[in-house]
Amino acid sequence: RSSYSCCYFVLPCCFFDFHGKYSRRQSKKTQYREYLDFVAQVGFVCGFHVEEDCLRIPSTKRVCLIGKNRTYPSTECALIDKQITQYINNRQTCAVVTCDRRVGFNHKDHSDGVCKEADSELPENETDTAGTIWMPGFQPREKVEQIRNCASLPRDFVDDVVLNVANLLLNATPQKSCSNIHGGNMNTWNQGESLSLKEVAEHLNKETLKRLKSEYGGLQTLLKNNHQVFEVLNGRVHIRDWRKEKPSTKMKPEVKRRLSAEAFKTRLCWFFIHHPDGCSLPSESCPYAHGTEELR
């Protein structure tokens, strides 16, 4: 609600309705065009002459809608308020009649097509409360949206899951060992087995799984976040072998060597600390620190 002299400007972006994500009702229009028409429709229902313009900004969604003046006299505010209430309730029950929502046509024609369904009237209790509450029970989003991509989980919890999953892969039926050459000596480095996400989840306790399920992406997201240790491909989890990582081909070899020598190591190598065979790379080739003395 606003004063009769109020104007508005809106730049539609994300596709949301009054009660959640916007549901498409026409297949002949693009989703963006249909949503623009919906936002314009809301302006018409609220009694505005809605104008459309295109902003000169570097964005694919640059169409804005402006409401500068009303389509009704100030004496009809109570009637428009009831009309808005009915429109919101119809949207909530997904019972709005679709119609031609062109920008710039007469408000009365538009409101007749949008806000009045056949044989639909406001219930008495909604008519009585139309002047006070439009959407009883409406819960707006929190000002600060909770991060739920496993990034906010406690570090000790994440480390524990990473260690458990890594040990599970290392202790599974081993694949053929991968050869590793250090200073001319041939050694074997245990890369472990690959398991599906389902198989990995079956070996985790219920409390851990419950905590992960409360995060977007769950176990898979946590493992992908720890890309130093794991590689998740096609629903299967592998121990990452850094010897197989292909260096960038954009730089000349001498530039690579210079950058590698000057690079600061800010994190400890997980394999150097936890893997039974240590890191598969020598210290000078590993992007992570082999000991605290290498940290910068």
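Predicted model only: the values in this text are computed from it and were never measured.

What counts and what doesn't
- Residues numbered from 1 in each chain as written.
- Predicted model: local features only at pLDDT ≥ 70, side-chain atom pairs only at ≥ 80, totals over all residues.
- Heavy atoms only, no water.
- Pairing = 2+ DSSP bridges.
- Helix = DSSP H or I, 4+ residues; strand = E, 2+ residues; numbered from the N terminus.
- Axes fitted to C-alpha atoms, helices over the stretch in contact; angles between N-to-C directions.
- Contact = heavy atoms within 4.5 Å.
- Buried < 20%, exposed > 50% of the residue type's maximum accessible area, 1.4 Å probe, protein only.
- Parallel < 35°, antiparallel > 145°, perpendicular 65-115°, else oblique.
- Nonpolar A, V, L, I, M, F, W, Y, C, P; charged D, E, K, R; others polar.

1. Considering the sheet that holds strand β1 (residues 8-10)
The strands making up a sheet associate through hydrogen bonds between their backbones, and the pairing can be parallel or antiparallel.
(1) Moving on: Overall, antiparallel pairing links the 3 strands, which are arranged β1-β3-β2 in an open sheet. This sheet does not close on itself; its edge strands, each paired only once, are β1 and β2 (48-54). The average undirected angle you get between the axes of adjacent strands in this sheet is 20°.
(2) Moving on: Pairing geometry for β2 and strand β3 (residues 63-70), over 6 bridges, is antiparallel. Paired with Val50 across the bridge in β3 is Gly67.
(3) Moving on: In the packing of helix α1 (residues 31-45) onto the sheet, contacts are made with β1, β2 and β3, and the angle to β2 comes to roughly 150°.

2. Considering the pairing of strand β8 (residues 236-239)
A regular strand carries its side chains on alternate faces of the sheet.
(1) Moving on: Of the two faces of β8, the one lined by Val237 and Ile239 is fully buried and the one lined by Arg236 and His238 carries no buried residue.
(2) Moving on: Sheet topology places strand β6 (residues 195-196) next to β8; 2 bridges connect them, and they run antiparallel. Bridge assignment links Leu195 to a residue of β8, and that residue is Val237.
(3) Moving on: Looking at chain direction, strand β7 (residues 230-233) and β8 are connected through 4 bridges and run antiparallel. Of the residues in β8, the one forming a bridge with Phe230 is Ile239.
(4) Moving on: The turn linking β7 back onto β8 is made up of 2 residues, and Asn234 within it adopts a positive phi angle of 50°.

3. Describing the packing of α1 against helix α2 (residues 77-92)
In a packed pair of helices, the relevant descriptors are the angle between the two axes and the axis-to-axis distance.
(1) Moving on: For the pair α1 and α2, the least separation of the axes is 10 Å and the interaxial angle reads 150°. As far as their axial angle goes, α2 and α1 are roughly antiparallel. Note on element contacts: α2 touches α1 through Ile80, Gln83, Ile84, Tyr87 and Arg91, opposite Phe38, Gln41, Val42 and Val45.
(2) Moving on: For the contact of α1 with α2, the per-class residue count stands at 6 nonpolar, 2 polar and 1 charged.

4. Description of unusual backbone geometry
(1) Moving on: Here Asn234, not a glycine, exhibits a phi torsion of approximately 50°, which is positive.
(2) Moving on: With respect to the helices and strands, Asn234 occurs in the loop between β7 and β8.
(3) Moving on: The class for Asn234 is exposed, based on a relative accessible area of 83%.

5. Observations concerning the sheet that holds β6
(1) Moving on: Across the sheet, which stays open at both edges, the 3 strands sit in the order β6-β8-β7 with antiparallel pairing between neighbours. Single-partner strands in this sheet number two, and they are β6 and β7.
(2) Moving on: Lying on the sheet, helix α5 (residues 155-171) is in contact with β6, β7 and β8; it crosses β8 at an angle near 85°.

6. Side note on the packing of α5 against helix α8 (residues 218-225)
(1) Moving on: Closest axis-to-axis distance for the α5/α8 pair is 11 Å, and the angle between their directions is 90°. By the criterion of interaxial angle, the relationship of α5 to α8 is roughly perpendicular. The segment α5 lies against α8, with Val158, Val161, Val162 and Val165 engaging Leu219, Leu222 and Leu223.
(2) Moving on: Residues of the contact of α5 with α8, tallied by class, amount to 7 nonpolar, no polar and no charged.

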